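Results of the structural survey
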Amino acid sequence: SVGLYFHKKQTSETEFILGNRSLNFWLTAFSAHASDMSAWLFMAFPSLIFIGGVPQFWAALGLLVGMFINWQFIAEKLRIATEKYDSCTLSTYFENRFNDTSGLLRVITALMTVIFLTCYLSAALIAMGFLFESVFGLDYYVGLTIATVVAVTYMFFGGYITVAWTDLFQALFLIVMIVLVPVMGYFSLPEGFHTVALAAKQAGLSINLFVQNTPQELFAVILLSLGWGMGYFGQPHILTKFMGIENPKNIYKSKYVGMTWQFIALSAAGLVGFIGIGFFPEGVINPELVFVEMVKDLFIPLIGGFILCGILAANMSTMDTQILVCASVISEDFYKHLFHKHATQKDLLLVSRISVILVALIALFISFYRSATVLETVFYAWAGLGSSFGPLIFTSLYSTKINRYGAIAGILVGGTLAGLWPLINPLLTFFPIPALIPAFFTSLIAIYGVSFATKKKDLFSSPKS
């Protein structure tokens, strides 16, 4: 209904992919955070606590700090800069910001966006498949197809504004569901906290947030926090929400609304995993379904069905934004700038809508292989996007010493290293280091190093007038 309502209001590509920069601070806040918290919130993060104990809460603390820095130091500056450089996508912003007339920076940015966001999108679809399979007894592939068709349908008609409004409803709905379940779960335990503590002791899990055992464990929780928190600076599906707010001066209002929502959501999701330790002392077959299994045990099917729609809400609010970002990249960066530079707004709008279908189908086929967990897939894509664009976003907003060559090098080095790190890490050390950390800092070094080495050179073309 929302998609159809806003359908006639979409008369240009800019309106379809960025809502003509018309969002108020409430919509911006809820849409940014709902786009961030996919099924990861209901499935991956609770499983992290459920199988790893309370020290895994450091992942949430890293996310909270990372998102706060995003709001505080990036959001307003990026909103102003993208309007100044007449940019609706990160690719266009980088190209205009660094006067790159070769088109190489735009193409590299677009490729990295599509590759890693499509992987991210496949994680949401994998979660959908698991949910439909576990709860409704539907075939995994049927569940994936249903989820894709629903998301694509309202995306196709309504674009950015539809995404923002549905994100608002989904954010409010899922926050109620994610809080309700751990509260009911806790009161159902025979001895409350003691039940959880006893089960954790038997399973060899720590219930202390602050690790006191070995320096290696302390190092592990630091890496865990950084491995998640630093990724926020380069997530296109979140950054585009900053770009769509009507008044940049209202960013600070969005920040407080959004951060409050995120704190409640992450705390409740972590409690699901924590209480699950006592609720399922024998464990569950798939730890990523601890929330689902708890709901099935706590509530009658009718009520449980509504609660589990929280997972659908979380997934949809991330899927729609990621599909939209990929579609905008295909229409703006590939179709318009590589093939039809004089395309009309009507043509670009049509291409954007067709791209929505294309991106969804690619992600659907990837998720058919169900070869990884939701946590692994999200972590891989999160690191790839964070290290490809995070360092360049920061430096583009705060430094005047970098050029197009440094920008190209930073994206290539960060994205490539993050993508290959799962293969490189075992060759260097037995200790698992999140890909985002080495890739992020290596990208930063490449940006400044190459910019300094080429500051008097023009390797590709003359700058724009």
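Residues numbered from 1 in each chain as written. Predicted model: local features only at pLDDT ≥ 70, side-chain atom pairs only at ≥ 80, totals over all residues. Heavy atoms only, no water.

Observations regarding a nonpolar patch on the surface
On the surface, a cluster of nonpolar side chains totalling about 740 Å² of accessible area is made up of Val 179, Val 183, Tyr 186, Phe 187, Phe 193, Ile 207, Phe 263 and Ile 264. Mapped by element, the contributors of at least two residues to the nonpolar patch are helix H8 (140-188) and helix H12 (251-279). Its place among the elements puts Phe 263 in helix H12. (Patch = residues over 30% accessible without salt bridge, like charges linked within 9 Å, V, L, I, M, F, W, Y side chains within 5 Å. Areas by Shrake-Rupley, 256 points an atom, 1.4 Å probe, with all protein chains shown as cover. Salt bridge = Lys/Arg side-chain N within 4 Å of Asp/Glu carboxyl O. Helix = DSSP H or I, 4+ residues; strand = E, 2+ residues; numbered from the N terminus.)

Some details on the side chain of Thr 82
Along the chain, Thr 82 turns up in helix H5 (residues 58-84). With relative accessibility at 0%, the residue Thr 82 sits in the buried group. Looking at Thr 82, its side chain comes within polar contact range of the main-chain oxygen of Arg 79, at 3.1 Å. In this structure Thr 82 touches Arg 21, Ser 87, Tyr 93 and Met 243, once residues within four positions along its chain are discounted. (Buried < 20%, exposed > 50% of the residue type's maximum accessible area, 1.4 Å probe, protein only. Polar contact = N/O pair within 3.5 Å; in protein donor to acceptor, adjacent residues only side chain to side chain. Contact = heavy atoms within 4.5 Å.)

Comments concerning the environment of Val 356
Structurally, Val 356 is set in helix H15 (residues 345-367). For the pair Val 356 and Leu 48, spaced 308 residues apart in the sequence, the C-alpha separation amounts to 32 Å.

Re the pattern of salt bridges
As enumerated under the stated definition, the model contains 5 salt bridges in all. Between Glu 76 and Lys 249 there is a salt bridge, with its nearest N and O atoms 3.7 Å apart. Taken together, the residues Glu 76 in helix H5 and Lys 249 in the loop between helix H11 (236-243) and H12 connect sequence positions 173 residues apart. The class for Lys 249 is exposed, based on a relative accessible area of 57%.

As for the packing of helix H7 (residues 104-135) against helix H17 (residues 404-428)
H17 packs onto H7 with a crossing angle of 20° between their chain directions and a minimal axis gap of 9 Å. Viewed along their axes, H7 and H17 adopt a mutual orientation that is roughly parallel. By crossing handedness, the relation of H7 to H17 is classed as left-handed. Across the interface between the two elements, Leu 104, Leu 105, Ile 108, Thr 109, Met 112 and Phe 116 from H7 touch Ala 407, Ile 408, Ile 411, Leu 412, Gly 415, Thr 416 and Gly 419 from H17. For the contact of H7 with H17, the per-class residue count stands at 9 nonpolar, 4 polar and no charged. (Axes fitted to C-alpha atoms, helices over the stretch in contact; angles between N-to-C directions. Parallel < 35°, antiparallel > 145°, perpendicular 65-115°, else oblique. Left-handed = near helix turned anticlockwise from the far one by under 90°. Nonpolar A, V, L, I, M, F, W, Y, C, P; charged D, E, K, R; others polar.)

Details of the layout of surface pockets
A volume near 760 Å³ is recorded for the largest pocket. In this structure, the largest pocket is lined by 31 residues; those nearest its centre are Leu 48, Leu 224, Phe 379, Pro 432 and Pro 434. It is helix H10 (residues 215-229) that provides the largest number of residues to the lining of the largest pocket, a total of 6 residues. Partitioning the lining of the largest pocket into residue classes produces 21 nonpolar, 7 polar and 3 charged. (1 Å grid on protein atoms, 1.4 Å probe; cavity = no way out; pocket = protein on both sides within 12 Å on 5 of 7 lines; lining within 4 Å. Points joined across faces, edges and corners; volume = space filled by probe spheres on them.)

A look at H5
One turn of an α-helix holds 3.6 residues; hence residues three or four places apart share an orientation. Here H5 contains 27 residues, and its C-alpha end-to-end distance of 38 Å stays within 8% of the 39 Å for a straight helix at 1.5 Å per residue. Along its length, H5 shows its largest kink, about 45°, at Ile 74. With its phi angle positive at about 50°, Asp 86 sits one or two positions after the end of H5. (Expected span 1.5 Å × (residues − 1). Bend = angle between axes of the 7 residues up to and from the residue.)

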